[in-house]
Structures are given as structure tokens and as C-alpha cells.
Amino acid sequence: MLLTDQHPHNKSIMVSVLGAPNVGKSSMINYLMGMDLSVVTKKPQTTRNKFHCVFTVDHTEVVLVDTPGVHRSNMEFNKRLNEQAKEGTEGVDLNLLLIDLTRDILPQVKDFLELVDVELKRTWLVFTKSDRIEDAEALPLKEVFEKVQEVIPTAERFFVISSRKGDNMHELTGAICDAAIPGPHLYLDGSVSNKNERFFASEYIREQAFDLLKDEIPYEVAVLIDEFKDVSKKDEERQSHISASILVNRPSQRAIVIGSKGTMIKEIGTRSRNKIELMTGGKVHLNLHVKVSPKWFKNNFVLEEIGLPRAHNSARVWRNKN
Ligand SMILES: Nc1nc2c(ncn2[C@@H]2O[C@H](COP(=O)(O)OP(=O)(O)OP(=O)(O)O)[C@@H](O)[C@H]2O)c(=O)[nH]1
Ligand SMILES: [Mg+2]
């Protein structure tokens, strides 16, 4: 979508946001966007799809590509998550590689390069969670950065940020805007993403399930939107009717997701409905159904439906025959 008749001062930049699970990619994006668009939880592997998050500063459009955290696993599902991250680097002007300061730094860089196996073009390192380090300024990050440059020669500079406290976010935004390229915007004014409300509704339901459920269950939950209908009456506040299925792997998980006397599903529903209502700006009627779909995370149809197509290293059985 190229928009004609744009302001002559318009600039745009597309920036991938990459790194291991849980380093704070989605939190940083939300901070920069000034809204809770992307889902964030305490648990790793929250984000499952790459998608665009868009904001503008004066005439400069910034398109941030959120991606799933990459990690080592032979499971088909995880290969597809890693593929999303790899695809997130395609066609961007700049990569931000996020590194969690509370964990060993160099292994995070090396693991990322090994797992994603792409030659990163222009790259900036972003050290995250500085608020969790007693004296982040005293860390020998310049030396560490030079070591990173040995494996990523295109690494140009680094930032030390906290999405919790906002440290250095202004500098990061300014630098991204300065790096933007003169040219037309890709999105219409006011657009915040390339994904639609259906996508975010399913994300906000999954976010609450992820947050509230324990052990393996969050990882064995998927959300499908069965219906998203506008039922607004003329001249009245917007009203939407949403039916969604929460898929689980086993019958015992279904019982847990529903909870005793339905308390768990009610909590997931109430919390996610509040967030969906903030998005739609109106009233939402939300119906949730918990369905057992054994091994859905190996089922190509379900994986495609939740936006995870085959990866380059998918098991043979997943390959397209023609
Ligand atoms: N203290 C602190 N916590 C942070 C910061 N940034 C993120 N977190 C926390 O780290 C956890 C993971 O954050 P996310 O933004 O979901 O991380 P992510 O990299 O998107 O994770 P995946 O989507 O799983 O790859 C959450 O509990 C956040 O609140 C930060 O700057 N400071
Ligand atoms: Mg995330």
C-alpha cells in the first residue's frame, strides 16, 4: 500500500526487533508505541507471530517488527516460531538485537546467530532491563560490544534501556528517526499495525491464558477467533460480538482452563474483554469455548490458522509436495 500525494518531508524506516525469548522485545515496542499493543507476560515465548507495530513522530513513520524469541528446539512448532523471527529480518532497514542484561551477554548473541542463520545487515544492539542491574553504567559494555562486532560486523552502536523506567528510550527513538529514509509512508495515518482486530482479540485472550495458567498449559494453548461481528445499533456506541475457541492438548487441561465452577475461564474472559474493549472503543460480548484438540501444535491446519506456516527446516511431512 503506497499512498500517493504524501508530504514532501515524509520519511520511513522498518526496524526488526529480535532476540531470545523474554528479553523484553514486546515491552520495548509497547513503550515506544505508547500503548499495550503487543502481548507481554512473565513467561518466555509469549509472542508467536511477526507483525508490524507502527508509530509516527512528526513526518517520520517507524515500523517496528515484533518477532518471537528464538530458541533451540526440534519441535515443529518452535521451528515455525524461529522462522517468524528469521522472516522478521527480511526487507528491513535496521535490526535491533535485544540482549537481556540480567543474563550472560555473548551466548545470547551467538545463539541468536546460530538459530536464525541470517546475515544481519545494519544492526544496533539494545541491552534491556537496565533497571534490574545495580550499576548498569559501570558494566564494560563497550568491550562486550566490540566482541559482538567480531561476530556481527554490521553492528554499529549500542543502547542501554529500561522499558520499565523508560531509561534511554528517548535517545533510541531519536536515533531510529534520524536513520529513517526520505520517502512515502507505508501506512495510513492512524494505522498501528498490519494485523487486524481479530488477530489482537485472539492475542489478548491468549495473553490472559498465558498469564493465569501454569506449567505446560500456556504452551499448549492456542486461540482461534470463530466469529467477530459488529452488532452496533445506529447512532449508538460500537458493539462487537466475539466467539473464540481456546484449544488445549488434553481433556485434563480443558478442566483446568475452565476451572472450578468456571472461575478460570471467567477470569480469562473478563480480563481479555477489558483489553479488547480498549481496542475497539466499544462494548464487547465475548464467548469463550475450550476445546480439546490433541497435539494441535503438530497440526498443519491449526498452525497455518494461527499464522505459523511451514519453516525452511520443517519436518519432511510438513513440506508442500509440489
Ligand atoms: N525489570 C524489567 N522487566 C522488563 C523490562 N522489559 C521487559 N521486562 C519484563 O520481562 C518479561 C518479558 O517481557 P516481554 O516484552 O514479553 O519479552 P519478549 O522478548 O517480547 O518475550 P517473547 O515474546 O517471549 O520472546 C515481562 O515480565 C516484562 O515485564 C525492563 O526493562 N525491566
Ligand atoms: Mg514478545
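Rules of the game
- Residues numbered from 1 in each chain as written.
- Chains lettered and ligands numbered in written order.
- Predicted model: local features only at pLDDT ≥ 70, side-chain atom pairs only at ≥ 80, totals over all residues.
- Heavy atoms only, no water.
- Helix = DSSP H or I, 4+ residues; strand = E, 2+ residues; numbered from the N terminus.
- Rg over C-alpha atoms; globule rule 2.2 N^0.38 Å.
- Buried < 20%, exposed > 50% of the residue type's maximum accessible area, 1.4 Å probe, protein only.
- Areas by Shrake-Rupley, 256 points an atom, 1.4 Å probe, with all protein chains shown as cover.
- Lys, Arg positive; Asp, Glu negative; His and termini not counted.
- Charge placed at Lys NZ, Arg CZ, Asp CG, Glu CD.
- Phe/Tyr/Trp six-rings, centres within 6.5 Å; stacked < 30°, edge-to-face > 60°.
- Near = heavy atom within 4 Å.
- 1 Å grid on protein atoms, 1.4 Å probe; cavity = no way out; pocket = protein on both sides within 12 Å on 5 of 7 lines; lining within 4 Å.
- Sits in = over half its atoms within 2 Å of the grid points.
- Nonpolar A, V, L, I, M, F, W, Y, C, P; charged D, E, K, R; others polar.
- Salt bridge = Lys/Arg side-chain N within 4 Å of Asp/Glu carboxyl O.
- Expected span 1.5 Å × (residues − 1).
- Donors = N, O, S within 2.8 Å, 3.2 Å for Na, K, Ca; no water.
- Domains from an automatic or database assignment.
- Contact = heavy atoms within 4.5 Å.
- Buried area = accessible area lost by both parts, 1.4 Å probe.
- Polar contact = N/O pair within 3.5 Å; in protein donor to acceptor, adjacent residues only side chain to side chain.

**Q** Just give me the short version of the overall build of the protein, but keep the residues and values in it.
**A** When helices and strands are tallied, the protein shows nine helices and 10 strands. Over its C-alpha trace the protein gives a radius of gyration of 20 Å, about what one expects of a compact globule, namely 20 Å for 322 residues. Dimensions of the protein along its principal axes, counting C-alpha atoms only, are 55 × 50 × 50 Å. The buried share among the 322 residues of the protein stands at 51%. Surface exposure of the protein reaches about 16300 Å², of which carbon and sulfur atoms provide 49%. In the protein, the 44 positive side-chain charges and the 45 negative ones have mean positions that sit 8 Å from each other.

**Q** Describe the packing of aromatic side chains, with residues and values.
**A** What the rule picks out here adds up to 10 aromatic pairs. Ring centres of F145 and F158 lie 5.2 Å apart, and the angle between their planes is 50°; this geometry places the pair in the tilted category. One end of the pair, F145, is in helix α4 (residues 141-151); the other, F158, is in strand β6 (residues 155-160), and 13 residues separate them in sequence. The class for F145 is buried, based on a relative accessible area of 7%.

**Q** Go over the site of ligand 1, please, and point to the residues and values.
**A** Around ligand 1 lies a shell of 21 residues, among which K25, S27, Q45, T46 and D131 are the nearest. In isolation ligand 1 has 650 Å² of accessible area, and contact with the protein removes 92% of it. Among the detected pockets, ligand 1 sits in the largest pocket. Considering only residue class, the shell around ligand 1 consists of four nonpolar, 11 polar and six charged.

**Q** Can you break down the pattern of salt bridges residue by residue, with the values?
**A** Inspection of every chain in the model, using the stated rule, returns 18 salt bridges. R80 is the partner of E76 in a salt bridge, and the nearest nitrogen-oxygen pair spans 2.6 Å. Residue E76 and its partner R80 are both found in helix α2 (residues 76-88); the two are separated by four residues, about one turn of the helix. Classification of E76 as buried rests on a relative accessible area of 8%. The shortest N-O distance in the salt bridge between K275 and E207 comes to 2.7 Å. Placement of K275 in helix α8 (residues 263-280) and of E207 in helix α6 (residues 197-212) is noted, with a sequence separation of 68 residues between them. By sharing partners, the salt bridges in this structure join R72, D111 and E114 into a single network.

**Q** An account of α8 is needed here, citing residue identities and associated values.
**A** With 18 residues, α8 should cover 26 Å at 1.5 Å per step; its first-to-last C-alpha distance of 25 Å lies within 8% of that length. Along α8, the positions that sit buried rather than exposed are M264, I265, I268, G269, S272, K275, I276, E277 and T280. Just downstream of α8 lies G281, where phi reads positive at about 70°.

**Q** Now, about the coordination of the magnesium ion (ligand 2): what can you tell me, with residues and values included?
**A** Think of it this way: four donors in a tetrahedron around the metal ideally sit 109.5 degrees apart, and six in an octahedron ideally sit 90 or 180 degrees apart. S26 (OG) and T47 (OG1) make up the full set of protein donors to the magnesium ion (ligand 2), lying at 2.0 to 2.1 Å. Of the two residues, S26 is situated in helix α1 (residues 25-33) and T47 in the loop between α1 and β2 (51-57); the sequence distance between them amounts to 21 residues. Judged by relative accessible area, S26 falls into the buried class, the value being 7%. According to the relative accessible area criterion, T47 is buried, its value standing at 7%.

**Q** Describe the domain arrangement of the protein, listing the residues and the values that go with them.
**A** With domains assigned, the protein is organised as domain 1 (11-182) and domain 2 (197-309). The straight-line distance from the C-alpha centre of domain 1 to that of domain 2 is 28 Å. The interface of domain 1 with domain 2 comprises 19 residues on the first partner and 22 residues on the second. Where domain 1 abuts domain 2, roughly 1900 Å² becomes buried across the two surfaces, and 56% of that area is made up of carbon and sulfur atoms. A per-residue breakdown of the area domain 1 buries against domain 2 is headed by K43, R48 and R80, which together make up 35% of the total. On the surface where domain 1 and domain 2 come into contact, there are zero salt bridges. Our count for the contact surface shared by domain 1 and domain 2 stands at 14 residue pairs in polar contact (both at pLDDT 80 or more). A total of five residues in the side of domain 1 that touches domain 2 trace back to one element, the largest contributor, which is α2.

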